[in-house]
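Chain by chain, the residues:
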Amino acid sequence: MISVLLIGMGKFGRTLGEKLLGMGDEVMIVDRNEDAINSLASKYTNALIANCMNEENLASMDVSSFDVCVVAVGDDFQSSLEITSLLKDLGAKRVISRATTDIQRKLLLRMGADEVIYPDMDIAEKLAVRLNSDNVINYIDIDADYSIFEMSVPAKWVGRKLVDVNPRGKFGMNILTVKKGRQVIASIDGNYVFEESDQIVVFGNTEQILSFTNKLKK
């Protein structure tokens, strides 16, 4: 369980807040929109109507006591910049800010953000990958070069042993686990035989894996 100060209760902020609550976290929400806070206040540990561009307002929230502060303001980038900077000045342990462009990301990092996310771009990238790779179910970027992919087992692998397929040697992919419906096989050896319903979780170079999945369509 973590404590989160969530600033900005637009669509993204609301969705994030609900997910955090579902995971048992302590969440304080803040927005200058009175109607937004009044409609959500009963669900949260604490809720406050405030303009977070005001340093005194932020200081009163004891931001350093939270494990993480999330700036989810999406419609006013200037506000996001100023709030991010103020949070760091007030001793926030970790600040995660939302951006919509790469330029915004760079500016937010310069203003002190520890991490910058841009959900619209993330969704677009994942959708583009899924549209171009029938086997891909989901993926997570680890860094600029490496990712974890969840995908349906390639048809050519069905009935073959892992050691014979040799995904690491032939395709640069490490098999992390295999999912069979709700069952997860945490550890597989070289004698594992792939089945048609298998979903595999693999790690490797993003471009190599995308190249591999694209070839599966041909």
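A quick note: this is a predicted structure, and the numbers were derived from the prediction, not measured. (Residues numbered from 1 in each chain as written. Predicted model: local features only at pLDDT ≥ 70, side-chain atom pairs only at ≥ 80, totals over all residues. Heavy atoms only, no water.)

Draft legend 1. Main features of the sheet that holds strand 3 (residues 46-49). Taken together, 6 strands build an open sheet; the order of strands is 3-2-1-4-5-6 and the sheet is parallel. Each having just a single partner strand, strand 3 and strand 6 (115-117) make up the two edges of the open sheet. The sheet shows a mean angle of 15° between the axes of neighbouring strands, direction not considered. Bridge analysis of strand 4 (residues 68-71) against strand 5 (residues 95-98) gives 3 bridges, and the strand direction is parallel. Directly across from Val 71, in strand 5, lies its bridge partner Ser 97. (Pairing = 2+ DSSP bridges. Helix = DSSP H or I, 4+ residues; strand = E, 2+ residues; numbered from the N terminus. Axes fitted to C-alpha atoms, helices over the stretch in contact; angles between N-to-C directions.)

Draft legend 2. Local environment of the side chain of Thr 213. Position of Thr 213 relative to the elements: it lies in helix 9 (residues 206-216). For Thr 213, a relative accessible area of 1% corresponds to the buried category. Side-chain polar atoms of Thr 213 contact the backbone oxygen of Leu 210, separated by 2.9 Å. (Buried < 20%, exposed > 50% of the residue type's maximum accessible area, 1.4 Å probe, protein only. Polar contact = N/O pair within 3.5 Å; in protein donor to acceptor, adjacent residues only side chain to side chain.)

Draft legend 3. Main features of the state of the cysteines. This model, assessed by the stated rule, comprises 0 disulfides. In this model Cys 52 remains outside any disulfide bridge; the closest cysteine sulfur is found in Cys 69, 9.7 Å from its own. Under the relative-accessibility criterion, Cys 69 is labelled buried at 0%. (Disulfide = S-S within 2.5 Å.)

Draft legend 4. Quick peek at the sheet that holds strand 9 (residues 173-180). Overall, antiparallel pairing links the 5 strands, which are arranged 7-8-11-9-10 in an open sheet. This sheet does not close on itself; its edge strands, each paired only once, are strand 7 (136-141) and strand 10 (183-185). Taking the axes of each pair of neighbouring strands and ignoring which way they run, one obtains an average angle of 20° across the sheet.

Draft legend 5. Up close: the nonpolar core. Grouped together as the largest cluster of nonpolar side chains are 19 residues, with contacts concentrated most on Trp 157, Ile 175, Phe 194, Ile 200 and Val 202. Within the residue set of this core, elements represented by two or more residues are strand 7, strand 8 (146-152), helix 7 (162-165), strand 9, strand 11 (199-205) and helix 9. In terms of residues, this core owes the most to one element, strand 9, which gives 3 residues. Setting aside residues no more than four positions away along its own chain, Val 202 makes contact with Ser 147, Ile 148, Phe 149, Met 151, Met 173, Asn 174, Ile 175, Leu 176 and Ile 209. Met 61, Ile 83, Leu 86 and Leu 87 belong to the second largest nonpolar core, which has 18 residues in total. (Core = buried A, V, L, I, M, F, W, Y, C linked by side-chain atoms within 4.5 Å. Contact = heavy atoms within 4.5 Å.)

Draft legend 6. Up close: unusual backbone geometry. Of note in the backbone geometry, Asp 62 takes a positive phi value of approximately 55° without being a glycine. Note on placement: Asp 62 falls in the loop between helix 3 (55-59) and strand 4. On the basis of relative accessibility, which here comes to 45%, the residue Asp 62 falls in the partly exposed class. Unusually for a residue other than glycine, Asn 166 sits at a positive phi of about 50°. Looking at where Asn 166 falls in the secondary structure, it is placed in the loop between helix 7 and helix 8 (167-171). You can call Asn 166 partly exposed: its relative accessible area is 33%.

Draft legend 7. Broad picture of a nonpolar patch on the surface. Side chains of Ile 140, Ile 142 and Tyr 146 sit close together on the surface and give an oily, nonpolar patch of about 290 Å² of accessible area. Among the structural elements, Ile 142 can be located in the loop between strand 7 and strand 8. Owing to a relative accessible area of 48%, Ile 142 belongs among the partly exposed residues under this scheme. (Patch = residues over 30% accessible without salt bridge, like charges linked within 9 Å, V, L, I, M, F, W, Y side chains within 5 Å. Areas by Shrake-Rupley, 256 points an atom, 1.4 Å probe, with all protein chains shown as cover. Salt bridge = Lys/Arg side-chain N within 4 Å of Asp/Glu carboxyl O.)

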